[in-house]
Amino acid sequence: EIASATGMFAIYQRIRGASTGGQGGDGARHGNGIVSVEAQPSGQALQEGEDNFVTATADLAFAVTVENSGEAQEVRVTVRLTVEQSPRPIEKEQVINIINPGERKTVVFRQLGQIVQFAQKTTLRVEVEPVPNEENTGNNTAAYPVTFSLTPPS
């Protein structure tokens, strides 16, 4: 990725921007946003504001797709996933090392199927940590009402 012409140009722009105050000092718009969240292995796209019934298999995972919606390359973008449940929420975190303008990257949060609580409506939250000088953070978080079950809904 880094060795491509686009990647090298973005690195050059970031280095050049460092002389004007670092990331964000380049006059470009900065930002990332959540595009989609998918339960795996079923491939079920989660919907905000709707009840999502998810089958919790042993290999349950959530794929979070993030898009660089700005005009500058971003590095070390933190993505968090939280399943709100009692007594302790499930919290996972991953980092996208590098993402270019307009590019989409997907991170997959695994090993969740045996630790989620069943038959209780809960909320799955996803957050992309804002990058320096990001003005629009309205697309950085998403919340999905989720109920986990051992069998697919009929």
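About the criteria used
- Residues numbered from 1 in each chain as written.
- Predicted model: local features only at pLDDT ≥ 70, side-chain atom pairs only at ≥ 80, totals over all residues.
- Heavy atoms only, no water.
- Pairing = 2+ DSSP bridges.
- Helix = DSSP H or I, 4+ residues; strand = E, 2+ residues; numbered from the N terminus.
- Salt bridge = Lys/Arg side-chain N within 4 Å of Asp/Glu carboxyl O.
- Buried < 20%, exposed > 50% of the residue type's maximum accessible area, 1.4 Å probe, protein only.
- Contact = heavy atoms within 4.5 Å.
- Axes fitted to C-alpha atoms, helices over the stretch in contact; angles between N-to-C directions.

Participant: Got a sec to walk through the sheet that holds strand β7 (residues 104-109)? Specific residues and values, please.
Facilitator: Strand pairs in the sheet, formed through backbone hydrogen bonds, run parallel or antiparallel to each other. Sheet architecture is open: 4 strands sit in the order β2-β1-β4-β7, paired in antiparallel fashion. Pairing within the sheet leaves two strands with one partner each, and these edge strands are β2 (44-45) and β7. In terms of strand pairing, strand β1 (residues 32-40) meets β2 through 2 bridges, oriented antiparallel. When the bridges of β2 are listed, Glu38 appears paired with Ala45.

Participant: Quick one: what's the story with the pattern of salt bridges, residue by residue and with numbers?
Facilitator: Inspection of every chain in the model, using the stated rule, returns 7 salt bridges. A salt bridge links Glu93 to Arg80; the shortest N-O distance between them is 3.0 Å. In this pair, Glu93 is assigned in strand β6 (residues 90-99) and Arg80 in strand β5 (residues 74-84), connecting sequence segments 13 residues apart. A single network of salt bridges, built from pairs that share partners, joins Arg80, Glu93, Glu127 and Glu129.

Participant: Describe the side chain of Asn32, naming the residues involved and giving the relevant values.
Facilitator: Here Asn32 is to be found in strand β1. Relative accessible area serves as the criterion here: at 0%, Asn32 is assigned to the buried category. Sequence-distant contacts of Asn32, that is, excluding residues within four places in its chain, are made with Val66, Glu67, Asn68, Ser69, Glu74, Val77, Ile99, Val128, Val131, Glu134, Asn139 and Asn140.

Participant: Describe the sheet that holds β6, and please don't skip the residues or the numbers.
Facilitator: Taking strand neighbours across the sheet as the criterion, the 5 strands line up as β3-β9-β8-β5-β6 in an open arrangement whose pairing is mixed. Strands with a single pairing partner mark the edges of an open sheet, and in this sheet they are β3 (52-55) and β6. With strand direction ignored, the average angle separating the axes of adjacent strands in the sheet is 30°. Note that β3 and strand β9 (residues 141-149) share 4 bridges and pair parallel. Residue pairing for β9: Thr55 is matched across the bridge by Ser149.

Participant: I'd love a proper account of unusual backbone geometry, names of residues and values included.
Facilitator: With an omega dihedral of 10°, the bond running from Gln40 to Pro41 counts as a cis peptide bond. Looking at the secondary structure, you find Pro41 in the loop between β1 and β2. With omega at 5°, the peptide bond leading from Ser86 into Pro87 counts as cis. Its location among the elements puts Pro87 in the loop between β5 and β6. For Arg76, which is not glycine, the phi dihedral falls at a positive 55°. Here Arg76 shows up in strand β5. Given the relative accessible area of 56%, Arg76 is considered exposed. Positive phi, normally seen in glycine, also occurs at Asn133, with a value near 65°.

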